[in-house]
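# Structural features, examined
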Amino acid sequence: MTDEDVLRRLDRLEAAQAVQNVMGTYEYLHSAYRNAEIVDLFADVDDLLIEMPAGIWRGRDAAYRCFGVTFEQELTRPDRRGELVEHTLTTPVIEVAADAQTAKAVWNSPGHEAHRFFWVEGSPQIEFWYWCTYSVDFLRTESGWKIWHLHVYQTWASEVGKSILDAPPPPEPPIPNGPGRPDEPISFETKYSHNRAPALVPVPPKPYDTFIAED
C-alpha cells in the first residue's frame, strides 16, 4: 500500500465521521426547534431534494422552504412551551465514494414527541412514539460535507400507552399549503399497515466509486 493509498483511506474515514456529525447536528437542532439553522446543513445546489412524510421539496431553496418555513413557521406556534421532539440515530451504514466527493448513508431513528395538535379541535397535547428511517446522500463542498438528498421514511407512530395494532396513529398535520409547501407527494408509503409486509426501505448503501444519479 502506497502513501497515497493510506492518505486516501484516511480521507474517507474522516469523511464518514464528518457526515455522521452533520446528521447528529441535524437531530440536535430539530430537537431544539431551531429548524431555520438546519438550512445551513444542506448543499447550495440546484438538485437538492428533501422527502418528508408531508411531501417532496426540490430545488436550491428546498431546505429553506421545508425547514425555514414549513417546520419553523407553519407546523409550530410561537409559544413552544411543552413541545418535545427527541429522535436518535442508530444502526448507521455509511459508505463514502472511492473518489471521496460524495457519501451515502442510512439510519434508523427511534423518536419520542409531544405536541399541541393545533389542527385538531380543542388543540389537545398528545405524547407519542414516532419511528422513522433516514436515507441521505452527502456532497463534499468548499465549506465541508453537506446534505444533498434527504429522505425521511416514517415507520410507525402511536400514542404513548396505546398499541399500533388496535389504536389509530396520532392525527397527521395538514399538508402545508403556504409558501413552504412541498412540490409533490411522497414517492411511496412506508407507514406501518396491517396489510403491508415488511420491506427493505431504505436499502443500505454498498461501496461505490462515484455517484451515479438514479432515474
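Below: a short report on this structure.

Thresholds, definitions, all that
- Residues numbered from 1 in each chain as written.
- Predicted model: local features only at pLDDT ≥ 70, side-chain atom pairs only at ≥ 80, totals over all residues.
- Heavy atoms only, no water.
- Helix = DSSP H or I, 4+ residues; strand = E, 2+ residues; numbered from the N terminus.
- Rg over C-alpha atoms; globule rule 2.2 N^0.38 Å.
- Buried < 20%, exposed > 50% of the residue type's maximum accessible area, 1.4 Å probe, protein only.
- Contact = heavy atoms within 4.5 Å.
- Disulfide = S-S within 2.5 Å.
- Pairing = 2+ DSSP bridges.
- Core = buried A, V, L, I, M, F, W, Y, C linked by side-chain atoms within 4.5 Å.
- Salt bridge = Lys/Arg side-chain N within 4 Å of Asp/Glu carboxyl O.
- Expected span 1.5 Å × (residues − 1).

### Some words on the overall build of the chain
- Check the secondary structure of the chain and you find 3 helices and 8 strands.
- Helices (α) and strands (β) of the chain occur, in sequence order from the N terminus, as α-α-β-β-α-β-β-β-β-β-β.
- The C-alpha atoms of the chain give a radius of gyration of 18 Å, which matches the 17 Å a tight globule of 215 residues would have.
- Judged by the C-alpha coordinates and their principal axes, the chain covers about 65 × 35 × 30 Å.
- Of all 215 residues assigned to the chain, the portion counted as buried reaches 40%.
- In the chain, once contacts between residues fewer than 6 apart in sequence are set aside, the share between residues at least 24 apart is 65%.

### Some words on the state of the cysteines
- Taken as a whole and judged by the stated rule, the model has 0 disulfides.
- Between Cys 66, a free cysteine, and Cys 132, which holds the nearest cysteine sulfur, the sulfur-to-sulfur gap is 13 Å.

### As for the pairing of strand 5 (residues 102-109)
- In terms of residue burial, strand 5 counts as a mostly covered element, since 6 of its 8 residues are buried.
- Two strands pair when backbone bridges link them, and strand 4 (residues 90-96) and strand 5 are joined in this way by 5 bridges, in the antiparallel orientation. Paired with Thr 90 across the two strands is Asn 108, which belongs to strand 5.
- Both strand 5 and strand 7 (residues 125-141) contribute to a ladder of 8 bridges, which runs antiparallel. Along strand 7, the bridge assignment pairs Ser 109 with Cys 132.

### Digging into the side chain of Ser 158
- One can find Ser 158 in strand 8 (residues 144-159).
- On the basis of relative accessibility, which here comes to 4%, the residue Ser 158 falls in the buried class.
- Apart from the residues within four sequence positions on either side, Ser 158 is in contact with Phe 128, Trp 129, Ile 164 and Pro 170.

### What about the pairing of strand 6 (residues 111-116)?
- Across 4 bridges, strand 3 (residues 84-87) lies against strand 6 in antiparallel orientation. Paired with Leu 84 across the strands is Ala 114, a residue of strand 6.
- For strand 6 and strand 7, the ladder comprises 5 bridges, and the chain directions are antiparallel. Considered in strand 7, the bridge of Arg 116 is made with Gln 125.

### Section: the nonpolar core
- If you look at the biggest cluster of nonpolar residues, it comprises 39 residues, and the most contacted ones within it are Tyr 26, Ile 50, Met 52, Phe 67, Phe 138, Ile 147 and Leu 150.
- Per element, the largest residue contribution to this core is 8 residues, and it comes from strand 7.
- Once residues lying within four places of it in the same chain are set aside, the contact partners of Leu 150 are Tyr 26, Phe 42, Leu 49, Ile 50, Glu 51, Met 52, Phe 67, Tyr 134, Ser 135 and Val 136.

### Quick notes on the side chain of Thr 133
- Positionally, Thr 133 belongs in strand 7.
- For Thr 133, a relative accessible area of 6% gives the class buried.
- Other than its neighbours up to four places away in sequence, Thr 133 contacts Trp 107, Asn 108, His 151, Val 152, Tyr 153, Thr 155, Val 201 and Pro 202.

### Some thoughts on the pattern of salt bridges
- Under the defined criterion, the tally for this structure stands at 12 salt bridges.
- We note a salt bridge from Glu 37 to Arg 34, for which the minimum N-O separation is 2.6 Å.
- In this structure, Asp 79 engages Arg 81 in a salt bridge whose closest nitrogen and oxygen atoms are separated by 2.7 Å.
- Assessed through its relative accessible area of 45%, Asp 79 is described here as partly exposed.
- One connected set of salt bridges, linked through shared partners, spans Asp 44, Asp 46 and Arg 60.

### Focus on helix 1 (residues 3-31)
- Its 29 residues place the ends of helix 1 42 Å apart at the C-alpha level, agreeing with the 42 Å of an ideal helix rising 1.5 Å per residue.
- Buried within helix 1 we find Ala 15, Val 19, Val 22, Met 23, Gly 24, Tyr 26, Glu 27, Leu 29 and His 30.
- Of the residues flanking the end of helix 1, it is Tyr 33, one or two places downstream, whose phi is positive at about 60°.

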